[in-house]
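Fold and contact review
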Amino acid sequence: MRGLMLADGRRVPVLGQGTWHMGEAREQRAAEVAALRHGLDLGMTLIDTAEMYGDGGGEAVVAEAIAGRRDEVFVVSKAYPQNAGRQSLPQACAGSLRRLRIERIDLYLLHWRGSIPLGESVAAFEALRAAGKIGAWGVSNFDAADMAELTGLPGGAACATNQVLYNPQARGIEFDLLAWAAARSMPLMAYSPVGQGGRLLRAPALRRVADRRGATPAQVALAWAVRHAGVIAIPKATTPAHVQENAAAAALTLDAADLAEIDAAFPPPQRKQPLAIL
Ligand SMILES: NC(=O)c1ccc[n+]([C@@H]2O[C@H](COP(=O)([O-])OP(=O)(O)OC[C@H]3O[C@@H](n4cnc5c(N)ncnc54)[C@H](OP(=O)(O)O)[C@@H]3O)[C@@H](O)[C@H]2O)c1
């Protein structure tokens, strides 16, 4: 699968796997583990989780899915904002490592901005990195002004990514954040790239492009998100057919006519929009 290089030299695929809502229901567990393993087999070797998902249950599902194949997988997890302090972050990280049953989180994110000063969080992330508990750190749900502030702090330029909502229904980042990140060679991670399987996938424009390309609307949405060189999309799927479909989307390249059709239905931003958040 097509990939991109992170600042620390590690290569990740442009399509990874999300895990929100996994680990919430016991009866779903086997299907969730199987879906993630299937996704790994198909090259979606980046897995995104968070201490928040299923109250730690999401990380436990990931642990089961990656057991015996840790070296194939790039693990991303996230800390609650209230856990991003000097003392709380090492504790939160230890909890995630324990649930994930790994020695090191490849990329550890601040889930969203809270009230702990950013400078303190940066220092806490850097200390974890120096201790080998994490490979790199980044943020999520940071708007352009937050990113400017963060990267201006001592150590803040080490931020490896910003994970944000991005799909044709939510393309405000195209006005500022996307170009800002590209100028710094900082990859962005697109969450909810298939619009959580809802209205987006029933949009006539996506359906028309999909029919023309012999693809599905979800594949069109994924190909659309990763058409930018620095974007990684992390669809979540438990249904085996969805996993298969999503992985195959990496081979789809949209042409100018496809993109124009999507633009007509979902116009790109003409002015600054506050960052959309779920
Ligand atoms: N940082 C943040 O604040 C934040 C916020 C939201 C999400 N995230 C991360 O991003 C990941 C993805 O976002 P998301 O889970 O919100 O939404 P999503 O990936 O856009 O959508 C997931 C939903 O779409 C369905 N689906 C997946 N592939 C499909 C396909 N090919 N065709 C039709 N339906 C499909 C899934 O169904 P099945 O499960 O039945 O296959 C699931 O119900 C999350 O899981 C999480 O890891 C991060």
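What counts, and at which threshold
Residues numbered from 1 in each chain as written. Predicted model: local features only at pLDDT ≥ 70, side-chain atom pairs only at ≥ 80, totals over all residues. Helix = DSSP H or I, 4+ residues; strand = E, 2+ residues; numbered from the N terminus. Buried ≥ 20, exposed ≤ 12 C-beta atoms within 10 Å, placed from the backbone. Contact = placed C-beta atoms within 7 Å. Pairing = 2+ DSSP bridges. Right-handed = clockwise from strand over helix to strand, strands pointing away. Axes fitted to C-alpha atoms, helices over the stretch in contact; angles between N-to-C directions. Near = placed C-beta within 6 Å. Nonpolar A, V, L, I, M, F, W, Y, C, P; charged D, E, K, R; others polar. Parallel < 35°, antiparallel > 145°, perpendicular 65-115°, else oblique.

Take the overall build of the chain next. Counting its secondary structure elements, the chain contains ten helices and nine strands. Counting only C-alpha atoms and orienting by the principal axes, one finds that the chain spans roughly 55 × 45 × 30 Å. Taking all 278 residues of the chain together, the buried fraction comes to 49%. Excluding contacts between residues fewer than 6 apart, the proportion of contacts in the chain whose partners are at least 24 apart in sequence is 78%.

Take the pairing of strand β5 (residues 105–110) next. Regular strands place their side chains on alternate faces of the sheet. Counting buried positions along β5 gives six out of six residues, so the element sits mostly inside the fold. Here strand β4 (residues 74–79) pairs with β5 via four bridges, running parallel. Paired with Ser77 across the bridge in β5 is Tyr108. The parallel pair β4 and β5 is bridged by helix α3 (residues 88–100), and the resulting crossover is right-handed. Looking at chain direction, β5 and strand β6 (residues 134–140) are connected through five bridges and run parallel. Its bridge partner being in β6, Leu110 is matched across the sheet by Val139.

For the rest of this paragraph, the subject is the sheet that holds β4. Paired through their backbone hydrogen bonds, the strands of a sheet run either parallel or antiparallel. Strand order in the open sheet formed by seven strands is β3-β4-β5-β6-β7-β8-β9, with parallel pairing between adjacent strands. Across the chains shown, the open sheet's two edge strands, defined by having one partner strand only, are β3 (46–48) and β9 (231–233). Mean inter-strand twist for the sheet, computed between neighbouring axes without regard to direction, equals 30°. Two elements, strand β8 (residues 188–191) and β9, share three bridges in a ladder whose sense is parallel.

Taken together, 27 residues lie around the ligand, and Gly18, Trp20, Gly197, Ala218 and Lys236 are the ones closest in. Top contributing element to the shell around the ligand by residue count: helix α9 (residues 240–248), with three residues. Taken together, the residues of the shell around the ligand sort by class into ten nonpolar, 14 polar and three charged.

Moving on, we get to the environment of Val76. With respect to the helices and strands, Val76 occurs in strand β4. In this structure Val76 comes out as buried when scored by C-beta crowding, with 31 C-beta atoms within 10 Å. Separated by 28 residues in sequence, Val76 and Asp48 have C-alpha atoms that sit 4.7 Å apart. With sequence-adjacent residues up to four places away left out, Val76 is seen in contact with Leu46, Ile47, Asp48, Thr49, Asp106, Leu107 and Leu109.

What follows is about the packing of helix α7 (residues 204–213) against helix α8 (residues 217–225). For any two helices packed against each other, one specifies the inter-axial angle together with the distance between the axes. α8 packs onto α7 with a crossing angle of 95° between their chain directions and a minimal axis gap of 8 Å. Relative to α8, α7 is oriented roughly perpendicular. For the pair α7 and α8, contact is made by Leu206, Arg207, Val209 and Ala210 and by Pro217, Gln219, Val220 and Ala221, respectively.

So far we have only geometry, and geometry alone does not tell us how the molecule works.
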